Amino acid sequence: MGFSIGIVGKPSCGKTSFTNAACMTDFPVGSYPFTTIKANLGVTHVRTVCACRDFNVEDNPQNSICIDGIRLVPIKLIDVAGLVPGAHTGRGMGNQFLDDLRQADVLIHIVDASGGLDAEGQEVDAGSYDPIDDIRFLEEEITEWVLGILHKDWRRIAGRVRTEGAKMDELLLEKLSGLNIKRKHILKAIREAELKVETADKWSEEEIRNFASFLWRTAKPIIVAANKIDRPGAEDNYERMKMEFPNYFIVPISALAEKALKDLARKNMIKYIPGSADFEILNPDSFKAAELDQLEKIKEHILKKYGGTGVQNILDRAVFDFLHMITVYPVHDSNALTDRDGNVLPDVYLVPEGTTAKEFAGYIHTDLMESFIHAIDARTKMRISDKHELKDRDVVKIVSAKGTK
Ligand SMILES: Nc1nc2c(ncn2[C@@H]2O[C@H](COP(=O)(O)OP(=O)(O)OP(=O)(O)O)[C@@H](O)[C@H]2O)c(=O)[nH]1
Ligand SMILES: [Mg+2]
């Protein structure tokens, strides 16, 4: 499973609560800073319409799940320690632990929208801290993190560009591929920072910093979860955040409400589908009056108002609306839509929009890409060439010199 999301934010903003709510894990949560020190890894799903609907077939998913024509595609969450201002100078836990985010494709910044924690994650009077400041300082710390990685080898890289005429983007790619940074990210960041690859040895400190900032914004973009939206004052702060950062993706969230609903659903006390704006109480007698009251509040103040708790919503939107990923289904038999074992629409892959048939083969296996001959679109039964760009819910058979998938 390739796709992963890094969960970042200051201490006690609710990173682990979010992860637990999404993944139904029980990692320790606490109202004191640095409850989490070592990264927690969880698995959850994003939801999207399944190709089984288009073909009107009964499927047997293997790497994913299908419920009533909705495909649940697994993704990984990486919940790390809290980040505080000045982390790059060693404050708090420092920023070394951000190395746990190397594989992340996107970051979700969990913000305590209620303004009840200071910049270090210590509790303060509700509403007395401005969460807008969290967005600024976290971005600075991420820039410093990337900058630190670049600096380690910068002289050597710049020197090779100058003396050997080595290609800057090649050297950077070598250095940064461990951060899941691709050539297209590097080239885009250089372009956006208005720099020139050929003169890398002359980039000023400020220019390198600029490059670092554009680089993570391209390779590990951030979306914001306005968490604790259930608390007083959070709604106003959420509205202000949207005004202050009009181009940002900001989703109101209550990790607490999502976990509570999922726990009750697991006990069969309510029927609740993550992502939905409603639930059904299955047996009212099994609840105390105060619990019913609490549930009613969740329904009125969160689900109806915001269209859900936001947890499933931010994951789906991060993957599909923000990163523009599409789903593609590889099959062995393009008529029966099966793998070698006869499973119908067994696997689904999340790939970036614009992925070609040949690149898609590479996502399945490097061998398959290298020996790619052509692919077959199961919908049209037509051959498609290596450069053909795939669409969401395409079902394809890859024909290669080494066999088919
Ligand atoms: N009201 C409310 N409280 C929340 C919500 N999410 C988290 N909390 C509370 O916030 C506190 C901190 O939660 P954690 O999930 O441990 O926060 P964290 O960001 O993982 O903290 P560190 O691991 O210390 O960095 C706990 O008391 C949670 O119950 C929410 O959506 N609403
Ligand atoms: Mg935590």
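Up top you'll find the structure we're talking about.
Residues numbered from 1 in each chain as written. Chains lettered and ligands numbered in written order. Predicted model: local features only at pLDDT ≥ 70, side-chain atom pairs only at ≥ 80, totals over all residues. Heavy atoms only, no water.

Further remarks concern the overall build of the protein. Looking only at helices and strands, the protein has twelve helices and 15 strands in total. A compact globule built from 405 residues would reach a C-alpha radius of gyration of about 22 Å, and the protein, at 23 Å, matches this within 12%. In the protein, which comprises 405 residues, the proportion classed as buried is 53%. When contacts within the protein are restricted to residue pairs at least 6 apart in sequence, long-range pairs at least 24 apart make up 67% of them. Of note, the protein has its 53 positive side-chain charges centred 4 Å away from the centre of its 62 negative side-chain charges. (Helix = DSSP H or I, 4+ residues; strand = E, 2+ residues; numbered from the N terminus. Rg over C-alpha atoms; globule rule 2.2 N^0.38 Å. Buried < 20%, exposed > 50% of the residue type's maximum accessible area, 1.4 Å probe, protein only. Contact = heavy atoms within 4.5 Å. Lys, Arg positive; Asp, Glu negative; His and termini not counted. Charge placed at Lys NZ, Arg CZ, Asp CG, Glu CD.)

Bringing the coordination of the magnesium ion (ligand 2) into the picture now. Bound to the magnesium ion (ligand 2) are the protein donor atoms T16 (OG1) and T36 (OG1), situated 2.0 Å from the metal. Taken together, the residues T16 in helix α1 (residues 15–23) and T36 in the loop between α1 and β2 (40–49) connect sequence positions 20 residues apart. The exposure class assigned to T16 is buried, which follows from its relative accessible area of 7%. (Donors = N, O, S within 2.8 Å, 3.2 Å for Na, K, Ca; no water.)

Around ligand 1 sit 24 residues, and of these K15, T16, S17, T35 and D230 come closest. With respect to ligand 1, the side chain of T16 contributes an N or O atom lying 2.8 Å from an oxygen atom. Within the backbone of F34, a nitrogen or oxygen atom sits 2.9 Å from an oxygen atom of ligand 1. The fraction of the free accessible surface of ligand 1 (660 Å²) that becomes covered by protein chains is 90%. A molecule is said to occupy a pocket when more than half its atoms come within 2 Å of that pocket's grid points, and by this definition ligand 1 occupies the second largest pocket. Mapped by element, the contributors of at least two residues to the shell around ligand 1 are α1 and α8 (255–266). The element contributing the most residues to the shell around ligand 1 is α1, with three residues. Taken together, the residues of the shell around ligand 1 break down into eight nonpolar, eleven polar and five charged. (Near = heavy atom within 4 Å. Polar contact = N/O pair within 3.5 Å; in protein donor to acceptor, adjacent residues only side chain to side chain. Areas by Shrake-Rupley, 256 points an atom, 1.4 Å probe, with all protein chains shown as cover. 1 Å grid on protein atoms, 1.4 Å probe; cavity = no way out; pocket = protein on both sides within 12 Å on 5 of 7 lines; lining within 4 Å. Sits in = over half its atoms within 2 Å of the grid points. Nonpolar A, V, L, I, M, F, W, Y, C, P; charged D, E, K, R; others polar.)

For α8, with twelve residues, the first-to-last C-alpha span of 16 Å sits near the 16 Å given by 1.5 Å per residue. Where α8 is buried, its residues touch α1, β6 (222–227), β8 (270–271), α9 (289–306) and α10 (311–322). (Expected span 1.5 Å × (residues − 1).)

Inspection of the entire model under this criterion finds one cavity of 30 Å³ or more. When its volume is computed, the largest cavity comes out at roughly 30 Å³. Along its surface, the largest cavity is lined by W145, V146, L179, I181, W216, A219 and K220. Every element with two or more residues in the lining of the largest cavity is listed here: α3 (132–164) and α6 (205–219). Among the residues making up the lining of the largest cavity, the classes are represented as six nonpolar, no polar and one charged. (Points joined across faces, edges and corners; volume = space filled by probe spheres on them.)

Below, the discussion takes up the environment of R156. Structurally, R156 can be placed in helix α3. Linking R156 and D201, residues 45 residues apart in sequence, is a C-alpha distance of 9.4 Å.

A word on the side chain of T48. One can find T48 in strand β2. Apart from residues lying up to four places away in sequence, T48 is in contact with G69, I70, R71, V73, F320 and T327.

This paragraph deals with α1. Residue pairs three or four apart in sequence face the same way in an α-helix, which turns once every 3.6 residues. Of all nine residues that make up α1, nine are buried, and the element is covered over most of its length. Looking only at α1, the buried set comprises K15, T16, S17, F18, T19, N20, A21, A22 and C23. The inward-facing, buried residues of α1 contact β1 (4–8), β2, β4 (70–79), β5 (106–112), α8 and α10. M24, located one to two residues past α1, shows a positive phi value of around 55°.

None of this, on its own, says anything about what the molecule does.
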